[in-house]
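Here's the letter readout for the chains.
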Amino acid sequence: MRAYKSKVVTPIRLPDREERETNLDRAGYNVFNLDSSDVFVDLLTDSGTGTMSDAQWAALMRGDEAYAGSESFDRLKSAVSDVMGFERVIPAHQGRGAENVLYGALVEDGDYVPNNTHFDTTRAHIANAGAEPVDCPLDGALAGDRDFAGNLDVAKVRDLADEVGAEKIPAVLVTITNNSLAGQPVSVENVREARAVADELDAVLVIDACRFAENAHFVREREAEFEGASVAEVAREQLSYADAIVMSGKKDGLVNIGGFVGLREDADALYERAHERAILFEGFTTYGGMAGRDVAAMAVGLREAVEDSYIRDRVEQVRRLGDLLADRDVPVHRPTGGHAVYVDAAAFLPEIPRAEFPGQALVCELYRGGGVRAVELGSFAFPDSNRPELVRLALPRRTYGADHLEHVAETFESVAERRDAGEISGLEITKEPEMAELRHFSAELRPMNE
Ligand SMILES: *Cc1c(COP(=O)(O)O)cnc(C)c1O
């Protein structure tokens, strides 16, 4: 049940089918090219797309726009300290800005950096710093029904150290929840193991805390030690093992833009290096590329994110969407993660070969069928990888209601009908940008049957 009501609304409109066909064609069968006003239920991402509370809007009005030493920054510092336990805070314009600041200060040419699974921007920043990002997920993480499928395989970190030498591993990373692995959670026990490995290697333990509150909810539900604990307590405990955090405020900061690095009081040398990079790339270190008002809103959002009533509703909503789809025989990954439902498009559209992008075909059908915007995370987004053909339906925070989820489920039904009638075709790329890694943002396609 939603523990809030709406006071500000944004009208949305479902264009008729003919319009949707035209829009899709004009967008080159790439939903990144659609106008949001032509989208009815927008599940493209949960990043920065959520709804702020009245308390956040009020904080916005009181934002302090001073270049240095703003009151809004003090509020952020207290919130990060109270909620996450880190005394030193370096704000950044968003998560990747924080990654650039921290990883550039931490990582050198020729290093190796293990992580349960690197999120795209993390991988890019580690590589940009000259190091090799190494994924260390559990074997067969998504096969079966694990409580903590997002965990780091610490044995793989030790193997890496044996292979390349501990001195080549300056940091061990843990991403909670594991965004690139269907948003699956990480246990507190696993973070303790990661801490032990980091100590063995004399490495810094960094937690990518983008979805720390959602993760804490799963811990409370599934890890026996934390039964009856509050989300706030679990979050504090889990983050207490890390030396540093990187945060995108666009996720569990409950804001539309912002991020930060959190460091320990005694991390002098690292703080100095990160501080310098922050001034170079983000802005003075009491605003870090954000307006003072956005800093103020994030300070409030962080506290709201660990309220039990909020986080329970959030995770339950994702679960409900997963159930609605599973009830209609849509192959979804279960248990669902914290922020999105992942659909196995290859299983849903078995007639479409991998070379014709079944995931992207499904994404286009969801728009055609019901004005729903999802995102492909399979062979179209990640060429030359052997990732499964996943389509992600990410739920913006505090934004849609049960009727919207029903609409999404009904849209899947209509797509299934077209599939059974043999009306869905694969796609071919007609225009591709030079950087193949980024092609899902801007490539254009066309249906094979036209
Ligand atoms: C979103 C995200 C980032 C990057 O944050 P941005 O605010 O999009 O720059 C980093 N790590 C993870 C796990 C994320 O989900």
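Residues numbered from 1 in each chain as written. Predicted model: local features only at pLDDT ≥ 70, side-chain atom pairs only at ≥ 80, totals over all residues. Heavy atoms only, no water.

Caption draft 1: Representation of the side chain of asparagine 151. If you trace the backbone, asparagine 151 turns up in the loop between strand 4 (132-135) and helix 6 (154-164). Separated by 3.0 Å, the side chain of asparagine 151 and the backbone nitrogen of serine 187 make a polar contact. (Helix = DSSP H or I, 4+ residues; strand = E, 2+ residues; numbered from the N terminus. Polar contact = N/O pair within 3.5 Å; in protein donor to acceptor, adjacent residues only side chain to side chain.)

Caption draft 2: Seen up close, a nonpolar patch on the surface. A cluster of nonpolar residues, Met435, Leu438 and Phe441, forms a patch on the protein surface that exposes about 290 Å² of accessible area. Positionally, phenylalanine 441 belongs in helix 16 (residues 439-442). (Patch = residues over 30% accessible without salt bridge, like charges linked within 9 Å, V, L, I, M, F, W, Y side chains within 5 Å. Areas by Shrake-Rupley, 256 points an atom, 1.4 Å probe, with all protein chains shown as cover. Salt bridge = Lys/Arg side-chain N within 4 Å of Asp/Glu carboxyl O.)

Caption draft 3: Up close: the layout of surface pockets. Empty space within the second largest pocket amounts to approximately 1,300 Å³. Around the second largest pocket sit 38 residues that line it, and Val8, Thr51, Met52, Arg398 and Thr399 are the ones nearest its centre. Listed by contribution, the elements that provide at least two residues to the lining of the second largest pocket are helix 2 (54-61) and helix 12 (308-327). Partitioned by chemical class, the residues of the lining of the second largest pocket number 14 nonpolar, 14 polar and 10 charged. (1 Å grid on protein atoms, 1.4 Å probe; cavity = no way out; pocket = protein on both sides within 12 Å on 5 of 7 lines; lining within 4 Å. Points joined across faces, edges and corners; volume = space filled by probe spheres on them. Nonpolar A, V, L, I, M, F, W, Y, C, P; charged D, E, K, R; others polar.)

Caption draft 4: Looking closely at the pairing of strand 8 (residues 259-263). With five of five residues buried, strand 8 lies mostly within the body of the structure. Here strand 8 shows two buried faces, one formed by Gly259, Val261 and Leu263 and the other by Phe260 and Gly262. Bridge count for strand 2 (residues 88-92) against strand 8 is five bridges, and the pairing is antiparallel. Each bridged residue has a counterpart across the sheet, and for arginine 88 the counterpart in strand 8 is leucine 263. Of the strand pairs in this sheet, strand 7 (residues 244-248) and strand 8 are connected by five bridges, and their pairing is antiparallel. Paired with serine 248 across the two strands is glycine 259, which belongs to strand 8. (Buried < 20%, exposed > 50% of the residue type's maximum accessible area, 1.4 Å probe, protein only. Pairing = 2+ DSSP bridges.)

Caption draft 5: Local environment of the nonpolar core. Membership of the largest hydrophobic core comes to 62 residues, with the highest contact counts inside it found for Met84, Val172, Phe212, Leu239, Phe260 and Leu302. Each of domain 1 (17-39 + 308-447) and domain 2 (54-305) contributes no fewer than three residues to this core. Contacts of phenylalanine 212, omitting those with residues within four sequence positions, involve Val83, Met84, Ile176, Ala235, Leu239, Met247, Asp252, Leu302 and Val306. With 56 residues, the next largest nonpolar core counts Ala182, Leu324, Ala326 and Phe382 among its residues. (Core = buried A, V, L, I, M, F, W, Y, C linked by side-chain atoms within 4.5 Å. Domains from an automatic or database assignment. Contact = heavy atoms within 4.5 Å.)

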